[in-house]
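Listed below, chain by chain, are the residues.
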Amino acid sequence: MIAKLKGLLDSTGLDWAIIDVGGVGYLVSASSRTLRRLGGVGEAVSVLTEMWVSEDKMQLFAFADVAERDWFRLLTTVQGVGARVALAVLSVLSPEQIAQALMAQDKTALTQADGVGPKLATRMISELKDKVPSLALAPTLAGTPAGKTDAAAAPAANGAVADAVSALVNLGYKRLEAFAAVTTCAARLGPEAGVSELIRAGLKELSA
């Protein structure tokens, strides 16, 4: 299995790149996010890879970082999400944004990706929302340093958070931004914060 490639960038396309490793060109498929980070032709590059082998072909997928590779693996466990769709999701959303969208049950964010309709977005949320690692959420949503993930993860499981998010959505805010604001406030106020308090704090956070 090929887990990593390190060489020179030979050429790129809309969803692919060729990496020259010791005179051998490896064709890899990648998200636009990874392709943007590769640099220019002729520059040294290093990417993580995922190798898929079937009866009639072998495919290599490249990722700029561990987080993107791990989300690719997780996304492709959902029925109806193949490699192409997973890369499309990773092209429009960062790993942190995917985690937010799943936890906030934000179908609109997921359907930005080519090949993801409302039904598939619903299935992705249903199958993956409980698998989102707390480490992926804590730095983004709560601004909490590594090593303090328990306090940051707790608000996400608080029913008051869900109620406060729903209230803000009813006021016209997007679900993803409402979730991010309320979760940030919940981490700051603590697990005892009530719905009304979270709504007021969330509104203040959104208007800041």
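- Labelled according to an unreviewed UniProt entry, the protein appears under the name Holliday junction branch migration complex subunit RuvA, originating from Nitrospirillum amazonense.
- Quoted verbatim from the Subcellular location (unreviewed entry) heading of the UniProt record, the comment on the protein is "Cytoplasm".
- For the record of the protein, the UniProt heading Sequence similarities (unreviewed entry) holds the text "Belongs to the RuvA family."

1. A closer look at the packing of aromatic side chains
Reasoning step 1: As enumerated under the stated definition, the model contains four aromatic pairs in all.
Reasoning step 2: For the pair Phe 61 and Phe 72, a centre-to-centre distance of 5.1 Å together with 40 degrees between the ring planes defines the contact as tilted. Of the two residues, Phe 61 is situated in strand E5 (residues 58-63) and Phe 72 in helix H2 (residues 66-75); the sequence distance between them amounts to eleven residues.
Reasoning step 3: Overall, Phe 72 belongs to the buried group, its relative accessible area being 0%.
Reasoning step 4: Here Phe 63 and Phe 72 contribute two aromatic rings whose centre-to-centre distance is 5.0 Å and whose plane-to-plane angle is 50 degrees, an arrangement assigned as tilted.
Reasoning step 5: A network of ring pairs unites the aromatic residues Trp 52, Phe 61, Phe 63 and Phe 72 as a single cluster.

2. Focus: the packing of helix H9 (residues 159-170) against helix H11 (residues 195-207)
Reasoning step 1: Following both chains from N to C, one finds H9 and H11 inclined at 50 degrees, their axes separated by 9 Å at the closest point. On the basis of their axis angle, the class for H9 and H11 is oblique. Relative to H11, the crossing made by H9 is right-handed. Where H9 abuts H11, its residues Ala 160, Val 161, Asp 163, Ala 164, Ala 167 and Leu 168 lie against Val 195, Leu 198, Ile 199, Gly 202, Leu 203 and Leu 206.
Reasoning step 2: Per-class residue counts for the contact of H9 with H11 are ten nonpolar, one polar and one charged.

3. Topic: the nonpolar core
Reasoning step 1: Core analysis: the biggest nonpolar cluster contains 44 residues, and Trp 71, Leu 75, Val 89, Leu 110, Val 116 and Met 124 have the highest contact counts within it.
Reasoning step 2: Residue-level mapping places this core at the junction of two domains, with at least three residues from each of domain 2 (66-137) and domain 3 (157-207).

4. Some points on H2
Quick reminder: α-helices carry 3.6 residues per turn. Residues three or four places apart thus point the same way.
Reasoning step 1: Listed as buried for H2 are Glu 68, Arg 69, Trp 71, Phe 72, Leu 74 and Leu 75.
Reasoning step 2: The inward-facing, buried residues of H2 abut helix H1 (32-37), strand E4 (44-53), E5, helix H3 (83-92), helix H4 (95-104) and helix H6 (118-128).
Reasoning step 3: Two to three positions downstream of the cap, the backbone nitrogen of Ala 67 sits 3.4 Å from a side-chain oxygen, assigning the N-cap of H2 to Asp 65.

5. So, the layout of surface pockets
Reasoning step 1: The calculated volume of the largest pocket comes to roughly 300 Å³.
Reasoning step 2: Forming the boundary of the largest pocket are 17 residues, of which Asp 15, Arg 84, Leu 87, Ala 88 and Ser 91 lie nearest the centre.
Reasoning step 3: Of the residues forming the lining of the largest pocket, the biggest block, six residues, is contributed by H3.
Reasoning step 4: Across the lining of the largest pocket, the residue classes break down as eight nonpolar, six polar and three charged.
Reasoning step 5: Domain assignment of the residues forming the lining of the largest pocket places at least three in each of domain 1 (4-63) and domain 2 (66-137).
Reasoning step 6: For the second largest pocket, the calculated volume is near 230 Å³.

6. With respect to the pairing of strand E3 (residues 24-30)
Reasoning step 1: Two elements, strand E2 (residues 16-21) and E3, share six bridges in a ladder whose sense is antiparallel. Following the sheet pairing, Asp 20 is matched in E3 by Gly 25.
Reasoning step 2: In this structure, the hairpin formed by E2 and E3 is closed by a connection of two residues, where Gly 22 is found at a positive phi of approximately 60 degrees.
Reasoning step 3: Two strands pair when backbone bridges link them, and E3 and E5 are joined in this way by two bridges, in the parallel orientation. Considered in E5, the bridge of Ala 30 is made with Ala 62.

The rules behind each value
- Residues numbered from 1 in each chain as written.
- Predicted model: local features only at pLDDT ≥ 70, side-chain atom pairs only at ≥ 80, totals over all residues.
- Heavy atoms only, no water.
- UniProt positions renumbered as here; feature names shortened; annotations may be inferred.
- Phe/Tyr/Trp six-rings, centres within 6.5 Å; stacked < 30°, edge-to-face > 60°.
- Helix = DSSP H or I, 4+ residues; strand = E, 2+ residues; numbered from the N terminus.
- Buried < 20%, exposed > 50% of the residue type's maximum accessible area, 1.4 Å probe, protein only.
- Axes fitted to C-alpha atoms, helices over the stretch in contact; angles between N-to-C directions.
- Parallel < 35°, antiparallel > 145°, perpendicular 65-115°, else oblique.
- Left-handed = near helix turned anticlockwise from the far one by under 90°.
- Contact = heavy atoms within 4.5 Å.
- Nonpolar A, V, L, I, M, F, W, Y, C, P; charged D, E, K, R; others polar.
- Core = buried A, V, L, I, M, F, W, Y, C linked by side-chain atoms within 4.5 Å.
- Domains from an automatic or database assignment.
- Polar contact = N/O pair within 3.5 Å; in protein donor to acceptor, adjacent residues only side chain to side chain.
- 1 Å grid on protein atoms, 1.4 Å probe; cavity = no way out; pocket = protein on both sides within 12 Å on 5 of 7 lines; lining within 4 Å.
- Points joined across faces, edges and corners; volume = space filled by probe spheres on them.
- Pairing = 2+ DSSP bridges.

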